[in-house]
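# Working through the structure, step by step
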Amino acid sequence: MCPNCRAFITTDDKVCPYCQAEVGPRAVERRSTADALGGLIPHARFTTVVIMLINTGFYLATILHSSRTGGGGIDPDMQTLFLFGAKYPPAIAQGQWWRLITAGFLHGGILHILMNMWVLFDLGAQVEEICGTSRFLTIYLITNITGFYASYLFSPALSIGASAAIFGLIGGMIGVGVRDRTSYGAAIRKFFTRWAIYGLVLSLIPGTDIAAHAGGLAGGFIVGLIAGTPSYSPTVERVWQIAAGLMLAVTGLAFFDMIVTMLRSTSS
C-alpha cells in the first residue's frame, strides 16, 4: 500500500504509479532479523521487554527494601513505595515533580505487576509494530506523565503502576486510527476502542486509579493523533527520534532526582 495515497501497489514498485510518491522499503525489510541478547529478547518486542525488565527490577528493589525495614512477603509497604517515588499529591505540591514519572514504574504487589506486564507484553508489541520504536516510546513516556498528573489533580491517594502508560498506548492507537482515514485506520480505531472500553470498565473496581487511566488515555489519544504511523520522510522520523530521546532524558532525570532524595532521607 502506498504510504501517501494508500493505493495498492506491488512490492517491486519504487515509485507509486498513481501519485508518483517515492516508496521506501517495507517496515519488515527495515527491521533487523536478529534477536537481542542471543535470542533472549525477540526483536519485535525489544523496547517493550526492556520496559518490562525495568518495572520488574524496581518491583524487586522495593520488595528487598521492604524486607529490610521490617516488612515481608511479596507486597512492598507504603513507606517503601513513597520512598521510591510513588505519586503522592502533597509531596508533588512541594516540588517533587519527578513522582509523576517514577510512579509509573512501581507496583504494589505480585498480582499488580503480573497483570500490567501481561497486558504490556501483548499491547506494547502491537504498538511498536504499528508505530515504530520512537513513537511508541514517546507515547508511553508522555502518557505516563499525563496519567499521573490527572491522578494528582483528582485523586488524593498514593498511586503507582504502569497502567497509566498502558492506557496511554491504547489512547495513542485510537488517535492513530482516527488520523488514518483508510480502512486500515478504521480497523485500528475499532480494535483499540474495545480495549479502552474494557479497561475503563475494569477501572471501576475499588482501589483502581481511574483518574490515572483516563489521563493516560486522553494524553495518548492526542499524541497518537499528532504522530500517526511512520512515514517515509527522514525529517519527520528524525523529529520523533528526537522526541523519544527527550522523553528518555526527562525520565532519566526524574529517576536521578528520586535517588538523590532517597539518599538524603535515608541518611538523615
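Going by the structure above, here's the rest.
Residues numbered from 1 in each chain as written. Predicted model: local features only at pLDDT ≥ 70, side-chain atom pairs only at ≥ 80, totals over all residues. Heavy atoms only, no water.

Let us now look at the overall build of the protein. Counting its regular elements, the protein contains 11 helices and zero strands. Put simply, the protein has 268 residues, and 44% of those count as buried. Long-range pairs, those at least 24 residues apart, make up 69% of the contacts in the protein between residues at least 6 apart in sequence. Element-wise, carbon and sulfur atoms account for 67% of the exposed surface of the protein, whose accessible area totals about 13800 Å². (Helix = DSSP H or I, 4+ residues; strand = E, 2+ residues; numbered from the N terminus. Buried < 20%, exposed > 50% of the residue type's maximum accessible area, 1.4 Å probe, protein only. Contact = heavy atoms within 4.5 Å. Areas by Shrake-Rupley, 256 points an atom, 1.4 Å probe, with all protein chains shown as cover.)

L120, Y140 and L169 are the most contacted members of the largest nonpolar core, which totals 48 residues. The element contributing the most residues to this core is helix α8 (residues 163-179), with eight residues. Those residues in contact with L120, other than ones at most four positions away along the chain, are T48, I51, M52, A125, Y140, I166 and L169. (Core = buried A, V, L, I, M, F, W, Y, C linked by side-chain atoms within 4.5 Å.)

Turning next to the packing of helix α6 (residues 110-131) against helix α7 (residues 133-154). The contact between α6 and α7 brings their axes to 7 Å, and the two run at 130 degrees. Relative to α7, α6 is oriented oblique. Along the contact surface, α6 presents L120, G124, V127, E128 and C131, while α7 presents T133, R135, F136 and Y140. Looking at the contact of α6 with α7 residue by residue, the classes come out as five nonpolar, two polar and two charged. (Axes fitted to C-alpha atoms, helices over the stretch in contact; angles between N-to-C directions. Parallel < 35°, antiparallel > 145°, perpendicular 65-115°, else oblique. Nonpolar A, V, L, I, M, F, W, Y, C, P; charged D, E, K, R; others polar.)

Right, let's get into the packing of aromatic side chains. Scanning all chains against the criterion turns up eight aromatic pairs. With a centroid separation of 5.0 Å and an interplanar angle of 85 degrees, the aromatic rings of F191 and F192 are classed as edge-to-face. On the basis of relative accessibility, which here comes to 31%, the residue F191 falls in the partly exposed class. Relative accessible area serves as the criterion here: at 2%, F192 is assigned to the buried category. When the ring of F191 is compared with that of W195, the centres are 6.2 Å apart and the planes differ by 55 degrees; the resulting orientation is tilted. Of the two residues, F191 and W195 are both situated in helix α9 (residues 183-202); the distance of four residues between them amounts to about one turn of the helix. Positioned above the aromatic ring of F82 is the side chain of R99, whose terminal nitrogen or guanidinium carbon lies 4.0 Å from the ring centre. (Phe/Tyr/Trp six-rings, centres within 6.5 Å; stacked < 30°, edge-to-face > 60°. Lys NZ or Arg CZ within 6 Å of the ring centre and 35° of its normal.)

On to helix α10 (residues 210-227). Its 18 residues place the ends of α10 25 Å apart at the C-alpha level, agreeing with the 26 Å of an ideal helix rising 1.5 Å per residue. Taken as a whole, α10 has its buried residues at A211, A212, H213, G215, G216, L217, G219, G220, V223, G224 and A227. On its buried side, α10 packs onto α7, α8, α9 and α11 (234-267). Where α10 terminates, the next one or two residues include G228, which has phi positive at roughly 65 degrees. (Expected span 1.5 Å × (residues − 1).)

Now for the side chain of N55. Examined against the element boundaries, N55 turns out to sit in helix α2 (residues 46-68). In this structure N55 touches G104, F105, H107, I113, M117, Y140 and A162, once residues within four positions along its chain are discounted.

Turning our attention to the pattern of salt bridges. Scanning all chains against the criterion turns up one salt bridge. Across the salt bridge formed by R135 and E237, the nearest N and O atoms sit 2.8 Å from each other. Placement of R135 in helix α7 and of E237 in helix α11 is noted, with a sequence separation of 102 residues between them. In this structure, R135 and E237 share a single accessibility class: buried. (Salt bridge = Lys/Arg side-chain N within 4 Å of Asp/Glu carboxyl O.)

The next thing to look at is a nonpolar patch on the surface. On the surface, W97, V250, L253 and F256 cluster together to form a nonpolar patch covering roughly 360 Å² of accessible area. As for its placement among the helices and strands, F256 is situated in helix α11. (Patch = residues over 30% accessible without salt bridge, like charges linked within 9 Å, V, L, I, M, F, W, Y side chains within 5 Å.)

Our next topic: α9. Helix length check: α9, at 20 residues, gives a terminal C-alpha distance of 29 Å against a target of 28 Å (1.5 Å per residue), a fit within 8%. Among all positions in α9, only G185, I188, F192, A196 and G199 are buried. Take α9 and look down its axis: the buried residues cluster within an arc of 65 degrees, on one side only. For α9, the exposed residues set more than 90 degrees away from the buried face come down to S183, K190, Y198 and V201. Packing partners of the buried residues in α9 comprise α6, α8 and α10. Where α9 begins, one side-chain oxygen reaches toward the backbone nitrogen of Y184, 3.3 Å away; that side chain belongs to T182. (Arc of directions from axis to C-beta. Polar contact = N/O pair within 3.5 Å; in protein donor to acceptor, adjacent residues only side chain to side chain.)

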